[in-house]
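# Notes for the structure review
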Amino acid sequence: MIQLFNVSKTYLGGVRVIALKDINLHIKRGEFAFLVGPSGAGKSTLTRLMIREELPSAGQIMVDSRSLLRMKEREVPYFRRKIGFIFQDFRLLMERTVYENVAFAIEAIEMSKSEVRTRVPAVLDLVGLKDKLQSYPHQLSGGQQQRVCIARAIVNDPLLVIADEPTGNLDPDTSWEVMNILSAINKRGTTIVMATHDKEMVDRMKRRVIALDMGRIVRDEERGAY
Amino acid sequence: MRISSFQYALRDACRSLWRNKFMSLASVATVAISLVILGGAWLLVLNTQNLATAMESELEVNLYLKQDLTREQALGMKDQFAAIPGVDTTTYVPKEEGLKILEDRLGEDTNLLQALDGNNPLPDIYRLKSKDATLVPQIAAEAAQIAGVEKVRYGQGMVEKLLSLTDWLRTVGILVIIAIALAALFLIATTIRITVFARRREVSIMKLVGATNWYIRWPFFLEGMMIGLLGALIAVGFLQLLYSQLLKNVAMMVSFLPIISDAGSLLRLYEILLFSGTLLGAIGSAISLRKFLKV
Ligand SMILES: Nc1ncnc2c1ncn2[C@@H]1O[C@H](COP(=O)(O)OP(=O)(O)OP(=O)(O)O)[C@@H](O)[C@H]1O
Ligand SMILES: [Mg+2]
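Values in this document were obtained by computation on a predicted structure and should not be read as measured data.

### So, the interface of chain B and chain A
Taken together, the contact between chain B and chain A spans 21 residues of the former and 24 residues of the latter. Here chain B packs against chain A, burying approximately 2100 Å² in sum over the two surfaces, 54% of which is carbon and sulfur. The interface formed by chain B and chain A contains three salt bridges. The residue inventory of the side of chain B that touches chain A, partitioned by class, reads eight nonpolar, five polar and eight charged.

Below is the structure:
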């Protein structure tokens, strides 16, 4: 699903920051992988490279057998339609209802109205929000907001879901709710990559753990711990 | 683009228009004002030209021949006059006919010849019609050189004045329109910039979920075009009201003035105004999108 070959990312600014250095990585279809490591290790940078929000300074990245470097600018939107992205800060539209927030994501990729009308309630049911369709984000708890964000990420049936600290702002119980939903999505065959600081959760899930430090992979275990 | 995508874009455009109502209103008003001026100036120029053409067709050079010419000599001059460049037709009006015309004008039972003791004081006249109003002064000058011509008379300066008035109107009109159109453009661009700013979160999420650049741009374009079209509609309504009122009053007071009133030319003007308004809106959004929407 995702392959990285000698990938490096250097930020040029006032000072040169080497965010990632010589990363080689292969995440298979259907896998659930945690990205862990201290702050500044390069986790977010790695996720941004995977959705081609940025290009690497060196190396090659393949996602779903396609080279992100050779991909043309106008092909990027169609590539992104295969990926769902979940943010730590939710990034919901505050003046839109839950329903509209999710519908928005598939309207943007030009799905028909009838498709929008069937998919949105179904996916909100899946994340357990079927009675909150007409609520506004500020009327929801943090965990509920993150579930809207998950619904938005998966409403398009993506092959791959990338989450950057999806539980970073949530208390332990709510974090587990969110984690369980992601597990359920993974069981349906969706590949999941999740950057996190949540040691306890990583230890209990017993999934693949890729540990980064100072921009390098320092550990990669099949059924690892934080 | 799919029908539903167009509906989404339309919905978003309307939502933005409503959210920035005051800015939208200011832009619509500016577009309307500039188009009212454009339409007004257009109608003025059209009518002045119409008037000029109407006068032109009346326009002729009158040549008064010397009294001592014989009838043969007078008739023989026709070819000389016809040869002057720009002359369309030449008409010979002998002094008897001139007298008759004068008598007709004075009233029914006048007998001028009797009153004048059988001496007709009028000269023979040649009437030269010009092909083009601008050639009239030249024709007059050339005719004056020909031997046997006593005096040359024509509607001195009228046509020149009218034509220079249309030229002047056109120049000033164009300058004023450009200035106001620029203001309208600036306001539309600012409105769209505010919308882009208000929707920057949406745009960033749209990009991440895989919206194409054109899908992202469309609502902004539509918003600009709707501002332009709305302004144009107001302008057309206003002009129609004003012009029909004017027509009514002018027709009552000075009925001989040839005012353009056929539905065809008005409809054409309105079409042009609606098109210009929409175009103005599209250009205004394009300016803002180029600068502020990095997609
Ligand atoms: N746009 C950028 N410009 C310059 N430097 C950047 C940029 N983005 C990230 N960096 C730097 O790259 C390094 C890796 O950052 P990154 O955000 O990937 O870390 P992280 O592992 O996600 O950290 P955290 O756990 O705090 O989210 C950091 O030193 C950071 O300062
Ligand atoms: Mg991070």
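### Remarks on helix 1 (residues 3–19) of chain B
An ideal rise of 1.5 Å per residue puts 24 Å on 17 residues; helix 1 of chain B measures up with 24 Å between its terminal C-alpha atoms. All of the buried residues along helix 1 of chain B are S4, S5, Y8, A9, D12, A13, S16 and L17 of chain B.

### A word on the domain arrangement of chain B
Split by domain assignment, chain B resolves into domain 1 (3–55 + 162–293) and domain 2 (60–153). Here the C-alpha centre of domain 2 of chain B lies 54 Å away from the C-alpha centre of domain 1 of chain B.

### Focus on the packing of aromatic side chains
All names here are of chain B. Inspection of every chain in the model, using the stated rule, returns six aromatic pairs over all chains. Centre to centre, the rings of Y92 and Y126 are 5.0 Å apart; their planes meet at 45°, and the pair counts as tilted. Residue Y92 is located in strand 2 (residues 87–93), and its partner Y126 is located in strand 3 (residues 125–130); the two are separated by 34 residues in the primary sequence. In terms of burial, Y92 and Y126 fall into one category: buried.

### Quick word on the site of ligand 1
Residues and elements named next belong to chain A. The full set close to ligand 1 counts 14 residues, and S39, K43, S44, T45 and H197 are the nearest of them. Between an oxygen atom of ligand 1 and a side-chain N or O atom of S39, the distance comes to 2.5 Å. Measuring from an oxygen atom of ligand 1, one finds a side-chain N or O atom of E165 at 3.3 Å. In isolation ligand 1 has 640 Å² of accessible area, and contact with the protein removes 63% of it. Looking at the shell around ligand 1, its residues break down into five nonpolar, six polar and three charged.

### A few points about the nonpolar core
Counting residues in each nonpolar core, the largest one holds 116 residues, and the members touching the most others are I2, L4, F34, M50, L124, I150 and L182 of chain A. Ranked by residues supplied to this core, first place goes to helix 10 (residues 213–253) of chain B with 10 residues. Other than its neighbours up to four places away in sequence, L4 of chain A contacts I23, N24, L25, L46, M50, Q60 and I61 of chain A. L63, Y126, A140 and Y154 of chain B belong to the second largest nonpolar core, which has 20 residues in total.

### Some remarks on the sheet that holds strand 10 (residues 216–221) of chain A
Strands pair in a sheet through their backbones, by hydrogen bonds, and they do so in one of two ways: parallel or antiparallel. Residue and element names in this part refer to chain A. Here we have six strands laid out as an open sheet, ordered 6-7-8-3-9-10, and mixed in their pairing. The sheet terminates laterally at strand 6 (83–86) and strand 10, the two strands that pair on one side only. Each strand axis lies, on average, 15° off the axis of its neighbour in the sheet, ignoring direction. With four bridges connecting them, strand 3 (residues 32–36) and strand 9 (residues 208–213) associate as parallel partners.

### Some thoughts on the packing of helix 5 (residues 142–154) of chain A against helix 6 (residues 172–187) of chain A
All names here are of chain A. At their nearest, the axes of helix 5 and helix 6 sit 9 Å apart, and the two run at 15° to each other. By the angle class used here, helix 5 and helix 6 are roughly parallel. Considering how the two elements wind past one another, helix 5 and helix 6 form a crossing that is right-handed. Contacts from G143, Q146, R147, I150 and I154 of helix 5 reach helix 6 at T174, E177, V178, I181, L182 and I185. In terms of residue class, the contact of helix 5 with helix 6 is built from six nonpolar, three polar and two charged.

What counts as what
- Residues numbered from 1 in each chain as written.
- Chains lettered and ligands numbered in written order.
- Predicted model: local features only at pLDDT ≥ 70, side-chain atom pairs only at ≥ 80, totals over all residues.
- Heavy atoms only, no water.
- Contact = heavy atoms within 4.5 Å.
- Buried area = accessible area lost by both parts, 1.4 Å probe.
- Salt bridge = Lys/Arg side-chain N within 4 Å of Asp/Glu carboxyl O.
- Nonpolar A, V, L, I, M, F, W, Y, C, P; charged D, E, K, R; others polar.
- Helix = DSSP H or I, 4+ residues; strand = E, 2+ residues; numbered from the N terminus.
- Expected span 1.5 Å × (residues − 1).
- Buried < 20%, exposed > 50% of the residue type's maximum accessible area, 1.4 Å probe, protein only.
- Domains from an automatic or database assignment.
- Phe/Tyr/Trp six-rings, centres within 6.5 Å; stacked < 30°, edge-to-face > 60°.
- Near = heavy atom within 4 Å.
- Polar contact = N/O pair within 3.5 Å; in protein donor to acceptor, adjacent residues only side chain to side chain.
- Areas by Shrake-Rupley, 256 points an atom, 1.4 Å probe, with all protein chains shown as cover.
- Core = buried A, V, L, I, M, F, W, Y, C linked by side-chain atoms within 4.5 Å.
- Pairing = 2+ DSSP bridges.
- Axes fitted to C-alpha atoms, helices over the stretch in contact; angles between N-to-C directions.
- Parallel < 35°, antiparallel > 145°, perpendicular 65-115°, else oblique.
- Left-handed = near helix turned anticlockwise from the far one by under 90°.

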